[in-house]
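Report on the structure
Spelled out from the first residue to the last, the chains are:
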Amino acid sequence: MAPVNLLIQTMKREGATWWFDWEFQESVVLDILRDPKCVQFPAADLYVSKFVKLYLEELEKAGAEDISEGLVEALASATRSTQGDMPSSCFKTFQLNEGGNDTISIHVHQAFNEVGLTTWQAGFFLADWILQNPDMFRHKRCVELGSGVGFTGLVLLSTHPKQTVLTDYAPRVMKNLRENVQANGYVIHKSYDDPVDQVAQPAQTDSELIVDVLDWLQVDEMEDCEYHPDIVLAADVVYDKELASHLVKVLHKFLQQPQQPSAYIASTIRNEETYNFFLECVDKAPIHREDVTHTVKNETTFFYDDRSSIQLLKLSKPAMS
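So, here is what we can say about the structure in this document. (Residues numbered from 1 in each chain as written. Predicted model: local features only at pLDDT ≥ 70, side-chain atom pairs only at ≥ 80, totals over all residues. Heavy atoms only, no water.)

Relative to the assigned elements, V143 resides in strand β3 (residues 141-145). Judged by relative accessible area, which is 2%, V143 ranks as buried. Placed 22 residues apart in sequence, V143 and V165 show a C-alpha to C-alpha distance of 4.6 Å. If we skip the residues at most four places from it in the chain, V143 touches V165, T167, Y227, P229, I231, V232, L233 and F254. (Helix = DSSP H or I, 4+ residues; strand = E, 2+ residues; numbered from the N terminus. Buried < 20%, exposed > 50% of the residue type's maximum accessible area, 1.4 Å probe, protein only. Contact = heavy atoms within 4.5 Å.)

Right, dumping it as structure tokens:
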């Protein structure tokens, strides 16, 4: 989702000299505020309120003679909704291709202190890189660790892997992950709580899609792991020093498989001590690591803050000496 000020700037740029006309205002109401996708997956009322309020302010500056009643009604409705207790959840909708119709909608929760119930910057960064390299994932087997709300996994599905396995652990996170995948029209071929998904929805992908629990603390149970990925992905999973060593053990298990997969880990470095401990665990495993942050192009599909604190690592099995 674009910041409201950037959205207004885009409207003004594309609307040229008529962005303040009554007809254009009506198109904003019908094509944005009342768009079926936005109605089905409503954004946070605070976001809607900020957007409409800023647009009305710009219309006033431009001396617009007529103001759409739909805009005024939308502002009043969103403002009323923000005056009570803050809602515990909302949807965020993202466009995958500029000017296209491919979107994904994600249900996020603000009320719970659960890292897997919201979106994170490194997830956007990794998703940008995936979209920049679709051929790398096409017809491949992929496993994502710490899938959370499913944002990066849903972006991955757009590249048509052969198999996509989205994993996490906490019950509330797993439930939300599954619901987000289904809400975007995908059929889950196998789920952690139901081996066969009976939900009748049109498949959007030829990829086998699996949603499963993976407890990093139970790494020994991975001896007979049924998943044999070509690529392992994870974003913003290095945030807890106590979990870092367990994460590395999971990565090591996958990287030791005979198909010799590679892992790509995107991390926002918030705490250097925690991140350096993770790197130490990687080196001791041993796992070969390479900083490939520079391979992510500056052109971004998604909006997020400063990229300078985000690092993308490629991990693989060390070469035989």
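There is more to say, and it comes next.
This part takes up the nonpolar core. One broad rule of soluble globular proteins: the nonpolar side chains tend to lie buried together. One finds W129, F151, L233, F302 and L312 to be the most contacted residues of the largest nonpolar core, which totals 41 residues. With seven residues, helix α6 (residues 121-132) is the largest single contributor of residues to this core. Filtering out sequence-adjacent residues up to four positions away, F302 remains in contact with F94, Q95, L96, F124, A127, D128, L131, F151 and V155. In this structure, L251, L255, I287 and L313 belong to the second largest nonpolar core, which totals 31 residues. (Core = buried A, V, L, I, M, F, W, Y, C linked by side-chain atoms within 4.5 Å.)

It is worth spelling out α6 at this point. Helix length check: α6, at 12 residues, gives a terminal C-alpha distance of 17 Å against a target of 16 Å (1.5 Å per residue), a fit within 8%. When you tally the buried positions in α6, you get nine out of 12 residues, the bulk of the element. Within the sequence span of α6, burial applies to A122, G123, F124, F125, L126, A127, D128, W129 and I130. Check the buried side of α6 and you find it contacts β1 (89-95), α7 (151-157), β7 (231-235), β8 (262-268) and β10 (310-316). (Expected span 1.5 Å × (residues − 1).)

Before going further, it helps to examine the packing of helix α2 (residues 22-33) against helix α4 (residues 45-61). Relative to each other, α2 and α4 sit at 170 degrees, their axes nearing to 13 Å. With respect to α4, the element α2 is oriented roughly antiparallel. Across the interface between the two elements, F24, Q25, V28, I32 and L33 from α2 touch V48, F51, V52, Y55 and L59 from α4. Of the residues contributing to the contact of α2 with α4, the split by class is nine nonpolar, one polar and no charged. (Axes fitted to C-alpha atoms, helices over the stretch in contact; angles between N-to-C directions. Parallel < 35°, antiparallel > 145°, perpendicular 65-115°, else oblique. Nonpolar A, V, L, I, M, F, W, Y, C, P; charged D, E, K, R; others polar.)

Enumeration over the complete set of coordinates arrives at 14 aromatic pairs. Relative to Y304, the ring of F124 lies with its centre 6.0 Å away and its plane at 20 degrees, an arrangement referred to as stacked. Placement of the pair is F124 in helix α6 and Y304 in the loop between β9 (288-291) and β10, with a sequence separation of 180 residues. Just as F124 is buried, Y304 falls in that class too. Every member of this aromatic cluster is reached through a ring pair, and the members are F94, F124, F151, F302 and Y304. (Phe/Tyr/Trp six-rings, centres within 6.5 Å; stacked < 30°, edge-to-face > 60°.)

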